[in-house]
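# Descriptive analysis of the structure
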2 protein chains.
Amino acid sequence: MKATIITIGKELLIGSILNTNSKYLSSKLTDLGVEVSKQVTVDDNMADIVNELDIDSKSSDLILLSGGLGPTNDDITRESLAKFLGKDIYIDEEEKLIMETRFSRNGESMPKNNIKQVCLIEGSTKLKNNWGVALGEYIVKDKVTYVVFPGPPNEFENMVDNYLSEIIKSDDNIIVKSLDVIGLGESRVEEKIRKLNIENGNVSINTFAHQGYTEIKIIGKSNDFTFVSKSIEVVEETLYREFRDHIYSDKNLEIASVLVEKLIENNLTIAFAESITGGKLASSITDVPGSSNVIGSSYVTYSNESKKMNLNVNRETLEKYGAVSDKTAYEMAKGLKEKTNADICVSTTGEAGPNPSEKEVGTVFSCIYFNDKKYFMKHYDFNGGRNKIRNRTVNSVLSQILFLINRKEYQNEGK
Amino acid sequence: MKATIITIGKELLIGSILNTNSKYLSSKLTDLGVEVSKQVTVDDNMADIVNELDIDSKSSDLILLSGGLGPTNDDITRESLAKFLGKDIYIDEEEKLIMETRFSRNGESMPKNNIKQVCLIEGSTKLKNNWGVALGEYIVKDKVTYVVFPGPPNEFENMVDNYLSEIIKSDDNIIVKSLDVIGLGESRVEEKIRKLNIENGNVSINTFAHQGYTEIKIIGKSNDFTFVSKSIEVVEETLYREFRDHIYSDKNLEIASVLVEKLIENNLTIAFAESITGGKLASSITDVPGSSNVIGSSYVTYSNESKKMNLNVNRETLEKYGAVSDKTAYEMAKGLKEKTNADICVSTTGEAGPNPSEKEVGTVFSCIYFNDKKYFMKHYDFNGGRNKIRNRTVNSVLSQILFLINRKEYQNEGK
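Residues numbered from 1 in each chain as written. Chains lettered and ligands numbered in written order. Predicted model: local features only at pLDDT ≥ 70, side-chain atom pairs only at ≥ 80, totals over all residues.

### Re the overall build of chain A
This is how the line gets drawn: A run of H or I in DSSP counts as a helix once it spans at least four residues, and a run of E counts as a strand once it spans at least two, with each numbered from the N terminus. Each radius of gyration reported is based on C-alpha atoms, and the globular scaling rule is 2.2 Å times the count of residues to the power 0.38. Three exposure classes are used. Buried residues have 20 or more other C-beta atoms within 10 Å of their own C-beta, exposed residues have 12 or fewer, and partly exposed residues fall in between, all C-beta atoms being placed from the backbone.
Looking only at helices and strands, chain A has 14 helices and 17 strands in total. Here the C-alpha atoms of chain A give a radius of gyration of 27 Å, more than 25% beyond the 22 Å that 2.2 N^0.38 yields for 415 residues. Dimensions of chain A along its principal axes, counting C-alpha atoms only, are 80 × 55 × 40 Å. Relative to its 415 residues, chain A shows a buried fraction of 44%.

As C-alpha cells, this is what we get:
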C-alpha cells in the first residue's frame, strides 16, 4: 500500500512552523506497514489542491490531507476534495446541534462561518473530532482512499491515533513494540540484532538513535493474530536476553521519567552538584511529575569559589588537578553527600567550550556517589559544540544512574 | 518568482526526522520575496525525482533540491537532475584533489564511492561546501533555475545562508530586519503596528510569536537601494519609539544570550533560587558561552527543608503562607543574596502540577532582588500543563530581569 500525505497551509510554506504532522503521520503509517512515497505541502488554494490530488491519485492507494478545515474563507480543503471527487457537501445536523449547544452554553450564538467545520462530503465516513471542532472524514473512490484530518497538531495526532488503523483496515494484524536501550550505541545494537538473525517474513526489526538511548522497534504483521503475537513474543524474549540490563523501558519513555519512577519505587533520593551541566540535570528530573518525592536540594557550582563554599572541595585539589578532573568530581559528589545525605549524589565537571580554560573542550568527569565505599567515576571525551557536549553529558549521566539502579548498586555491601 | 522545494530521503518519509531544511529554506526564500508554492519530499528513487522535476518545472521559476548527495549507491539526486536536464556529469578535478589530500592527511586512501560528491552537472555553477563534503551547484534551463544543496542540516543551512541571494539575483534590493520584543504579547504588538500605519508598497511588517518574545520582521524591497535603506530606517525609528524598553535585541537572539551579554557589559553577577523551575533558569544561563563570568553558585531548593537549610527561609513563613507565596519567594531571594552576594538574586516558587499541593496549578511567584530596598515581586497565573508552566515561568522571569537591567534598576538609589 502506497500513501501520499498532503499538508495544507501558508504557515508551512513561509517557513513559520515545522511540519510535525507529516512526520507524525509518516511514522504511524510506517509502523502499520504502509509505504509513504511522498509528502507534499501546498497553499490553501483550490486549483493547487485539486491539481495535487489529480497527480497523487494516479500513484497512491491512500491520500491523507491535513489542514485547511478552519472556519475562515481561506480554509478550503474539504471543498477542494469534494470538487476533485465530483461530490456535494452537506451539513451534519447532529454535529451542528452539538456545536450550537457549545456556543449557547457560553452565551454566544454560533458564528455563521463555523458551519463549515461540521460539513461532510457526500458518501464519506465521519471521523468525530473529540479534541477540537472541525470534523474529519474518509471516502473511497476508484480504489483510492482519501482521508481528511484537521491541522492543529494536538487534534491531528489524536485523530491519527484513534482512526488510522480503522481507515487502513488491513487484513493483516499488526503489532508494534518498542524496546529502549541505554549504554550501547545504535550501531552496536544493530550489529547484535543482525547476529541474532531473528527477523523473518512476519517480524521486522529497526533501530533508531535518540538522544541518550537507542530504540529497537519490532513490527509484526500477519493475517493470523495468534501467530503474530507469538512471533513477537519470541523475538522480545530473545532481545531481552541479549540486551539484559541495557533495556530500560518498553514504553518509549524519556530516560528521566523512567529514572524518577525507579527512584520512587526504590524509595531513593537524588541530588546533583553541577558544574558543566549548570542545572540541566536537576531540571531534567524536575521536569517529571512526582519528582518532588526524590529531589530536595540541588546545586549549580559553576565557579571554583562555589565548589569550595557549597561542597567543601579542597583548594589544593582545584589547584593541583584543576576543576575539570576526576579528583574534583569525586570531592564534589562527596561534599554533596555530606550536605544533603541524598541516597545518590551526582557531580559533573567539564569543558563545554567554546574557549577551554584548562582541559580540552569535550572533557567531562562525573561521579555517582552512593557512599564512601561505593562510587562510580566516569571520564567522557565528547565531540561537538557547547550544547551538544552539555546534552550528551546529561543523557550519559542519567543513563548511567539508571543502569546502576537496575543493577541494585545502591544497596550496601553485604546486603 | 515561484519556488518549489524538493527534499529527498527515506528518513523523512518514514517519519524518523523532522524536515527542518524545508522550514529553513522557506523562511529564507520568503524573506527574499520569493513565493514558495510547494514543498515536496520523495524517496531516493530516480523515477520519482525525475517525475517530480518534470511536474514542478512547469509551474516554478526556481526548484531547490536537498539531500541524496552522499557517497552511497542510494544517493542519486545529482544523477536524477542531470538525467532530467539531459546533461552529463563530470568530476571536478580541483575538488577531487582537495578531498584526496584530506584523506591522505589521515593516512587513508579515498574510498572510490566518495568521488560522487565532487561531481558536477555539465554547465552548472559550483557551490563550494565549506561545511562538509558534497558539492552544491545551480543551473538554469528554459528560464527555470535548479539548485542542489547537501542534506545534513548544518551544511544545508550554511550553504543557504551563503549562496541563496547570489542564486536568486533579483533586481530588487531586499533588506530584512528583525526587532525582538518582550513584555507584550504578539497580538498587542500586531495591533500597535497596524495603528502606526507605516507599511507601504516597499516595506512590509510581520510579527511572529516565539517562546517568551515576539519578533517584528521588517522586509524592504525596491530596485533603488538608497531608497529602500532609507525607508527601512524610518520604519525602524518609528518602531523603536513605539516599543521603547520592550525591544531587547535586533539580532534575533535568545533572551538568555542577550541577558548574559548585558550582565557582562554591566559587570553584574546573577544567582537563582529555583523551586518550580528546578534548575531551568540556571541552565538557560549556563547554556550561553561566557556565562562563567556572571554565574557562580545557583540553587535548586525543591523541598521546604531545602529552602530552610540553603536559604534561611523561616519555618513560620512556610507554615503560615505556604511555599507557594510571595512571602516565601521574597525570603528565598533575600537568603540567596546573603549566601552568594550576587548583584541580582532571583527566586521562583509555584505549582507546576499535575497535582497541586497548596495553591492552584499555574500559580507562580518570583522575586528579583537587588538589595533590601529594591526588589521586584511578580505573581503569575499560567495556563497549561507542567512543561508549559515551567517554560513560561523561565521566559517571563528572564525577560523581566532583562527589562529591569535595561532600565538600570540595578543601580543604587541616588546614583
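### With respect to helix α8 (residues 225–243) of chain B
Residue and element names in this part refer to chain B. Applied cut-off: To estimate how far a helix should reach, multiply one less than its number of residues by 1.5 Å. Directions drawn from the helix axis to the C-beta atoms are what define this arc. C-beta atoms are first placed from the backbone for all residues, and any pair lying within 7 Å is then listed as a contact.
Relative to the 27 Å expected for 19 residues at 1.5 Å per residue, α8 spans 27 Å between its end C-alpha atoms, a close match to the ideal helical length. For α8, every residue scored as buried is listed here: V228, S231, I232, V235, L239 and F243. For α8, the angular spread of the buried residues around the axis is 95°, confining them to a single face. Those residues of α8 that are exposed and angled more than 90 degrees off the buried face are T226, V234, E237 and R241. Where α8 is buried, its residues meet β9 (173–181), β10 (203–210), β11 (213–222) and β12 (247–249).

### Here we look at the confidence of the model for chain A
Rules: On a scale of 0 to 100, pLDDT captures the predictor's confidence in every residue.
Averaged over all residues, the pLDDT of chain A equals 91, while 99% of them reach at least 70. On the interface metric, ipTM, the complex scores 0.73, and its pTM is 0.74.

### Considerations on the relation of the copies chain B and chain A
As a reminder of what qualifies: When the copies are superposed, the least-squares fit draws on C-alpha atoms of residues that have pLDDT of at least 70 in both.
Relative to chain A, chain B is turned by 179° and slid 0.5 Å along the rotation axis, the superposed coordinates differing by an RMSD of 0.6 Å. Taken together, the rotation and translation relating the two chain copies correspond to the operation of a two-fold axis. The overlap is high: 100% of the interface residues of chain B also sit at the interface in chain A, so the same surface is used on both sides.

### Comments concerning the domain arrangement of chain A
For an interface, size is often stated in terms of accessible area lost upon the parts coming together. All names here are of chain A. Spelled out, the test is: For the purposes of this description, domain bounds are those given by an automatic or database domain assignment. Basically, the charged four are Asp, Glu, Lys and Arg, the nonpolar ten are Ala, Val, Leu, Ile, Met, Phe, Trp, Tyr, Cys and Pro, and anything else, Gly included, counts as polar.
When the domains of chain A are assigned, the result is domain 1 (2–168), domain 2 (173–249) and domain 3 (255–406). Facing eight residues of domain 2, the contacting portion of domain 3 comprises 10 residues. Grouping the amino acids of the side of domain 2 that touches domain 3 by side-chain chemistry returns three nonpolar, four polar and one charged.

### Details of the packing of helix α9 (residues 255–265) of chain B against helix α14 (residues 386–406) of chain B
Residues and elements named next belong to chain B. Note the following rule: Between N-to-C directions, angles cover 0 to 180 degrees, with each direction set by a line fitted to C-alpha atoms, over the stretch in contact for helices. By convention the crossing between two helices is left-handed if the near helix lies anticlockwise of the far one by an angle smaller than a right angle, and right-handed if it lies clockwise.
Look at α9 against α14: their axes get within 10 Å of each other, and the N-to-C directions meet at 35°. Handedness of the crossing formed by α9 with α14: left-handed. Across the interface between the two elements, I255, A256, V258, L259 and K262 of α9 pack against N395, L398, S399, I401, L402 and I405 of α14. Residues of the contact of α9 with α14, tallied by class, amount to eight nonpolar, two polar and one charged.

### Quick word on the interface of chain B and chain A
Formally: Only strands that DSSP links by at least two bridges are regarded as paired with each other.
Between chain B and chain A, the contact holds 49 residues from the first and 49 residues from the second. In terms of residue class, the side of chain B that touches chain A is made up of 18 nonpolar, 24 polar and seven charged. Pairing geometry for strand β2 (residues 35–42) of chain A and strand β2 (residues 35–42) of chain B, over five bridges, is antiparallel. Its bridge partner lying in β2 of chain B, Q39 of chain A is registered against T41 of chain B.

### Let's talk about the nonpolar core
Here is the rule we go by: Here, a nonpolar core denotes buried Ala, Val, Leu, Ile, Met, Phe, Trp, Tyr and Cys residues that are linked to one another through C-beta atoms within 7 Å.
Membership of the largest hydrophobic core comes to 126 residues, with the highest contact counts inside it found for A333 and V346 of chain A together with A333 and V346 of chain B. Those residues in contact with V346 of chain B that sit more than four places away from it in its chain are I270, F272, L281, A333, S366, I368, V397 and I401 of chain B.

### Digging into the packing of helix α2 (residues 20–31) of chain A against helix α6 (residues 153–168) of chain A
Residue and element names in this part refer to chain A. Counted only if it meets this: We call two directions roughly parallel when the angle between them is under 35 degrees, roughly antiparallel when it is over 145, roughly perpendicular when it lies between 65 and 115, and oblique otherwise.
Packing of α2 against α6 brings their axes to within 10 Å, and their N-to-C directions diverge by 15°. Taken together, the axes of α2 and α6 lie roughly parallel to each other. By crossing handedness, the relation of α2 to α6 is classed as right-handed. Contacts between α2 and α6 involve T20, N21, Y24, L25 and K28 from the first element and P153, F156, E157, V160 and L164 from the second.

### Comments concerning helix α13 (residues 326–340) of chain B
Residues and elements named next belong to chain B. Relative to the 21 Å expected for 15 residues at 1.5 Å per residue, α13 spans 21 Å between its end C-alpha atoms, a close match to the ideal helical length. Counting buried positions over the 15 residues of α13 gives 12, a clear majority of the element. Residues of α13 that are buried include every one of K327, T328, A329, Y330, E331, M332, A333, K334, G335, L336, K337 and T340, and no others. Positive backbone phi, at 55°, marks N341, one or two positions downstream of α13.

### Focus on the sheet that holds strand β17 (residues 374–381) of chain A
Taken in spatial order, the 10 strands line up as β17(A)-β16(A)-β15(A)-β13(A)-β14(A)-β14(B)-β13(B)-β15(B)-β16(B)-β17(B) in an open sheet, and their pairing is mixed. Lying at the two open borders of the sheet, with one neighbouring strand each, are β17 of chain A together with β17 (374–381) of chain B. If you compare each strand with its neighbour and ignore which way they point, the axes differ by 15° on average. Strand direction decides the pairing type here: strand β13 (residues 270–274) of chain A and strand β15 (residues 344–350) of chain A, joined by five bridges, are parallel. The residue of β15 of chain A that forms the bridge with F272 of chain A is V346 of chain A.

### Some details on the sheet that holds strand β12 (residues 247–249) of chain A
Residues and elements named next belong to chain A. Read across the sheet, four strands follow the order β10-β11-β9-β12 without closing on themselves; strand pairing throughout is antiparallel. Single-partner strands in this sheet number two, and they are β10 (203–210) and β12. Averaged over all adjacent pairs, the angle separating strand axes in this sheet is 35°, with direction ignored. Of the strand pairs in this sheet, strand β9 (residues 173–181) and strand β11 (residues 213–222) are connected by nine bridges, and their pairing is antiparallel.

### Overview of the pairing of β9 of chain A
Two elements, β9 of chain A and β12 of chain A, share two bridges in a ladder whose sense is antiparallel. By the bridge assignment for β12 of chain A, D180 of chain A is matched with S249 of chain A.

### A short note on the environment of D88 of chain A
Residues and elements named next belong to chain A. Looking at the secondary structure, you find D88 in the loop between α4 (77–85) and β4 (89–91). Classification of D88 by C-beta neighbours within 10 Å gives exposed; the count is 10. For the pair D88 and N130, spaced 42 residues apart in sequence, the C-alpha to C-alpha distance is 25 Å. With near-sequence residues (within four places) excluded, D88 lies in contact with A82 and E122.

### Examining the pairing of β11 of chain A
Residue and element names in this part refer to chain A. Counting buried positions along β11 yields seven of 10 residues, so the element is predominantly enclosed. For β10 and β11, the ladder comprises eight bridges, and the chain directions are antiparallel. Looking at β11, one finds that T207 is bridged to I216.

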